[in-house]
Amino acid sequence: MVGEIAAEQNWSAVELDQADPLAQVRQGFELPEDLIYLDGNSLGPLPKAVPDAMARVIRAEWGAALIKSWNDHDWINLPSRVGEKIARLIGAAPGQVICTDSVSVNLFKVLAAALQLGRRPAKILSEVDNFPSDLYLVEGITALLGPDAPVFEVVQADALIDQLDTSVSIVLLTQVNFKTGAMHDLADLTARAHAVGALVIWDLSHSTGVVDLDLDAAKVDFAIGCGYKFLNGGPGAPAYVYVASRHQQRVSQPLSGWMGHAQPFDFSPNYQPAEGVKRFLSGTPAILSMTALNAALTVFGGLDLRQVRAKSEKLGAYLIHLVDNVEGDLELISPRDSRLRGSQVSFRHPLAYAIVQALIEVGVVGDFRAPDILRLGFNPLFNSFADIQRAVQSLAMILITERHLEARFSARKFVT
Ligand SMILES: *Cc1c(COP(=O)(O)O)cnc(C)c1O
């Protein structure tokens with residue numbers, strides 16, 4: 001890998017793009033011509049297939065066929081159909097993934113399921129730099145369980161392996177850190193957790209669609225992931241949940257709504273969970289937003305995720321190489337070794353917020369994460385090496401001219 005990066009130092013963006021087997025995939029997206037979008041890890045752009053699919057479902061299905069569409073257009077099985085498309089991207093055999101709700105809600109469900117299945121007394125191990133929503137959800141379920149609450153231990157990432165002993169019943173981790181892009185070794189940590197008798201829950205929000213995952217091979221117990229980041233399903237797109245086949249009949253989840261019932265249209269007063277992963281459904285699926293995600297997933301048709309991952313590693317290596325030559329106080333906080341990094345590169349800078357705003361003004365969209373992080377995410381499906389080169393040129397120009405010091409770039413918006 002280091003050799004590969006060294007070799008790239010002499011490569012031009014043009015040559016890298018010419019050699020890119022995924023260069024044409026960008027045609028599947030609606031992207032403004034002169035925009036360099038390095039925020040697909042936060043909100044994926046619009047795939048061209050989405051508007052027509054949405055228009056058809058709205059006009060012909062909702063508009064004309066109305067309620068018959070639950071049967072005639074198979075709306076009722078859309079969560080499973082979209083789940084199976086995602087399953088292919090994460091190395092899951094059929095019957096283990098379903099599309100539903102948000103990541104946060106799905107985490108609540110799998111936490112409850114894992115608490116049921118795991119040994120007692122329960123202890124959840126996570127890392128302090130996990131995505132805050134994940135930590136909040138553990139707080140929430142802990143408050144609900146009162147005296148039966150699990151012990152919750154959060155440690156620094158580098159202390160995880162030391163803290164993983166037989167007192168731990170559940171390991172809850174996000175594979176790719178949203179701030180630094182640091183990536184855990186999912187297979188290794190899963191094996192280590194299992195070796196001490198713990199279950200694993202992986203949050204794959206920043207991995208799905210860009211990391212070549214193989215959940216079945218790693219024997220992952222539970223996973224959740226996001227529909228609107230690298231899957232490009234649109235703002236607030238539904239998320240997914242993965243439950244290994246071997247656990248499905250032995251667990252239930254507390255948001256036991258009618259859509260997770262074995263026979264919702266029997267309208268029985270008693271809950272009887274559906275077979276398999278369907279019991280992780282709660283209420284009526286959001287057909288319109290799930291339609292957008294379903295159409296968005298067509299851009300992955302036939303793609304090999306190992307190829308996507310390989311390009312992602314190269315884009316990151318190229319970005320780091322270029323920024324190494326930029327004057328200024330940017331401090332790389334992402335791993336240099338591409339194998340240890342997801343599809344983003346982050347830098348610390350005291351004026352990171354203003355730099356991000358100045359970049360946006362010149363058409364380079366990254367984002368800011370408190371307190372001082374400039375985050376550049378890239379999706380190999382639509383970002384080119386030329387995008388990276390132009391982004392770094394803009395960054396260098398802003399820092400050299402101190403344009404980011406202009407007052408208008410410091411006014412903090414609510415969403416960063
Ligand atoms: C984006 C993200 C989420 C999003 O959760 P929602 O409930 O769908 O908003 C959760 N976890 C991680 C690690 C994320 O990156």
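All residue numbers refer to position in the chain's written sequence, counted from 1. Only residues with pLDDT of 70 or above have their local features reported here, since the model is predicted, and side-chain atom pairs are shown and tallied only from 80 upward, although totals for entire chains, interfaces and linings are computed over all residues. To get the side-chain values, all heavy atoms of the structure are used, and hydrogens and water are removed first.

Novice: What is the right way to look at the overall build of the protein chain in this model?
Specialist: Scanning the protein chain for helices and strands turns up 15 helices and 15 strands. In this treatment the radius of gyration is a C-alpha quantity, and the globule benchmark scales as 2.2 Å times the residue count to the 0.38 power. Taking 22 Å as the expected radius of gyration for a compact globule of 416 residues, we find that the protein chain reaches 22 Å, a close match to that expectation. Principal-axis analysis of the C-alpha atoms places the extent of the protein chain at approximately 70 × 55 × 40 Å. Under the scheme applied here, a residue whose accessible area is under 20% of the maximum for its type counts as buried, over 50% as exposed, and between as partly exposed, the area being computed with a 1.4 Å probe on protein chains only. Going through the 416 residues of the protein chain one by one, you find that 55% of them count as buried. Pairs at least 24 residues apart make up 74% of the contacts formed inside the protein chain by residues separated by at least 6 positions. Going along the chain from the N terminus, every DSSP run of H or I of four or more residues is numbered as a helix, and every run of E of two or more is numbered as a strand. Any two residues having at least one pair of non-hydrogen atoms within 4.5 Å are treated as being in contact.

Novice: Looking at this structure, how should I read the site of the ligand?
Specialist: Any residue with at least one heavy atom within 4 Å of a molecule or strand is counted as near it. Lining the immediate surroundings of the ligand are Ser 102, Val 103, Ser 104, Phe 131, Asp 134, Thr 174, Asp 203, Ser 205, His 206, Tyr 228 and Lys 229. Ser 104 has a polar side-chain atom sitting 2.6 Å from an oxygen atom of the ligand. Under the rule applied, a polar contact is a pair of N or O atoms within 3.5 Å (in protein, one hydrogen donor and one hydrogen acceptor; residues adjacent in sequence only if both atoms are side-chain atoms). His 206 has a polar side-chain atom sitting 3.2 Å from an oxygen atom of the ligand. All accessible areas in this document rest on Shrake-Rupley with a 1.4 Å probe, and a residue is counted as covered only by the protein chains that are shown. Compared with its free state, where it exposes 390 Å², the ligand has 88% of that area covered by protein. According to the grid-proximity analysis, the pocket containing the ligand is the largest pocket. Here a cavity denotes grid points, spaced 1 Å and computed from the protein atoms alone, that fit a 1.4 Å probe unable to get out, and a pocket denotes an open set having protein on both sides within 12 Å along at least 5 of 7 lines; residues with an atom within 4 Å of a point are the lining. For a molecule to be placed in a cavity or pocket, more than half of its atoms must lie within 2 Å of the grid points of that cavity or pocket.

Novice: Can you walk me through the sheet that holds strand β10 (residues 239-243) in this structure?
Specialist: The strands making up a sheet associate through backbone hydrogen bonding, with each pair oriented either parallel or antiparallel. If you trace the 7 strands from one edge of the open sheet to the other, you get β4-β10-β9-β8-β7-β5-β6, paired in mixed fashion. In this open sheet, the two strands that pair with only one neighbour each are β4 (97-100) and β6 (151-155). Taken pair by pair, the neighbouring strands of this sheet meet at an average axis angle of 15 degrees, ignoring direction. Note on pairing: two strands pair once DSSP finds at least 2 bridges between them. Pairing analysis gives 2 bridges linking strand β5 (residues 123-127) to strand β7 (residues 170-174), with the strands arranged parallel. Among the inter-strand pairings, Leu 125 is bridged to a residue of β7, identified as Val 171. Lines fitted to C-alpha atoms define the axes, with helix axes restricted to the stretch in contact, and inter-axis angles between N-to-C directions lie between 0 and 180 degrees. Seen against the sheet, helix α9 (residues 186-195) touches β7 and β8 (199-203) and runs at an angle of roughly 155 degrees to β8.

Novice: Which parts of the structure should I look at to understand the layout of surface pockets?
Specialist: Gaps left between atoms show up when a probe the size of a water molecule is rolled over them. Grid points are joined across faces, edges and corners, and a volume is the space filled by probe spheres set on the points. In this structure, the largest pocket encloses a volume near 670 Å³. Contributing elements (two or more residues each) for the lining of the largest pocket: α6 (103-117), α7 (132-145), α14 (352-361) and β14 (367-369). It is α14 that provides the largest number of residues to the lining of the largest pocket, a total of 4 residues. Under this grouping Gly is polar, as are all residues other than the nonpolar Ala, Val, Leu, Ile, Met, Phe, Trp, Tyr, Cys and Pro and the charged Asp, Glu, Lys and Arg. Taken together, the residues of the lining of the largest pocket sort by class into 14 nonpolar, 10 polar and 8 charged. Residues lining the lining of the largest pocket come from more than one domain, with at least three contributed by each of domain 1 (2-48 + 304-410) and domain 2 (74-300). Here the second largest pocket defines a volume of roughly 410 Å³. Here the residues of the lining of the second largest pocket are counted per class, giving 9 nonpolar, 6 polar and 7 charged. By convention here, the domain bounds are inherited from an automatic or database domain assignment.

Novice: Just to check I follow, could you spell out the state of the cysteines for this structure?
Specialist: In protein chemistry, a disulfide is the covalent bond that joins the sulfur atoms of two cysteines. When two cysteine sulfur atoms are found within 2.5 Å, that pair is recorded as a disulfide. Enumeration over the complete set of coordinates arrives at 0 disulfides. Among the cysteines around Cys 99, which has no disulfide bond, Cys 226 carries the closest sulfur, lying 11 Å off.

Novice: Explain empty space enclosed by the protein to me, please; I cannot follow it from the model alone.
Specialist: Scanning the model with the defined rule gives 1 cavity of 30 Å³ or more in all. In this structure, the largest cavity spans a volume of roughly 40 Å³. Of the residues belonging to the lining of the largest cavity, the class tally is 3 nonpolar, 3 polar and 2 charged.

Novice: How do you make sense of the domain arrangement of the protein chain when you look at a structure like this?
Specialist: For interface size, the figure often reported is the accessible area lost on association. Here the protein chain is partitioned into domain 1 (2-48 + 304-410) and domain 2 (74-300). Taking only C-alpha atoms into account, the centre of domain 1 sits 29 Å from that of domain 2. Every contact between the two is made by 34 residues of domain 1 and, on the other side, 23 residues of domain 2. Regarding the contact of domain 1 and domain 2, the summed buried area is about 2200 Å², with carbon and sulfur atoms giving 63% of it. Buried area is calculated as the accessible area (1.4 Å probe) missing from two parts once they are joined, with the contributions of both summed. Three residues stand out in domain 1 for area buried against domain 2, namely Asn 41, Leu 305 and Arg 309, and they jointly supply 23% of the buried area on that side. Here domain 1 is connected to domain 2 by 9 residue pairs in polar contact (both at pLDDT 80 or more). At the level of elements, α13 (305-323), β12 (344-348) and β15 (373-377) are the ones that each hand at least two residues to the side of domain 1 that touches domain 2. Its residues placed into classes, the side of domain 1 that touches domain 2 shows 16 nonpolar, 12 polar and 6 charged.

Novice: How do you make sense of the nonpolar core when you look at a structure like this?
Specialist: Across soluble globular proteins, nonpolar side chains have a tendency to be buried as a group. By nonpolar core we mean a set of buried residues, namely Ala, Val, Leu, Ile, Met, Phe, Trp, Tyr and Cys, connected to one another through side-chain atoms within 4.5 Å. Core analysis: the biggest nonpolar cluster contains 57 residues, and Ile 86, Ile 90, Trp 202, Leu 215, Val 220, Tyr 242 and Phe 300 have the highest contact counts within it. Among the elements that take part in this core, helix α5 (residues 78-90) stands out by supplying 6 residues, more than any other. In this structure, this core is formed jointly by two domains, domain 1 (2-48 + 304-410) and domain 2 (74-300), each of which donates at least three residues. Beyond its immediate chain neighbours, meaning those up to four positions away, Tyr 242 contacts Ile 90, Ala 92, Gln 96, Val 97, Leu 215, Asp 216, Val 220, Asp 221, Phe 222 and Ala 223.

Novice: Would you explain the packing of aromatic side chains in this entry?
Specialist: Pairing of aromatic rings covers Phe, Tyr and the six-membered ring of Trp, with a centre-to-centre limit of 6.5 Å; geometry is then stacked below 30 degrees between planes, edge-to-face above 60, and tilted otherwise. Applying the stated rule across the entire model yields 9 aromatic pairs. Arranged with centres 5.1 Å apart and planes meeting at 85 degrees, the rings of Phe 131 and Phe 178 form a pair that is edge-to-face. Of this pair, Phe 131 sits in the loop between β5 and α7 while Phe 178 sits in the loop between β7 and α9; the two residues are 47 residues apart in sequence, bridging distant segments of the chain. On the basis of relative accessible area, Phe 131 is assigned to the partly exposed category, the value being 32%.

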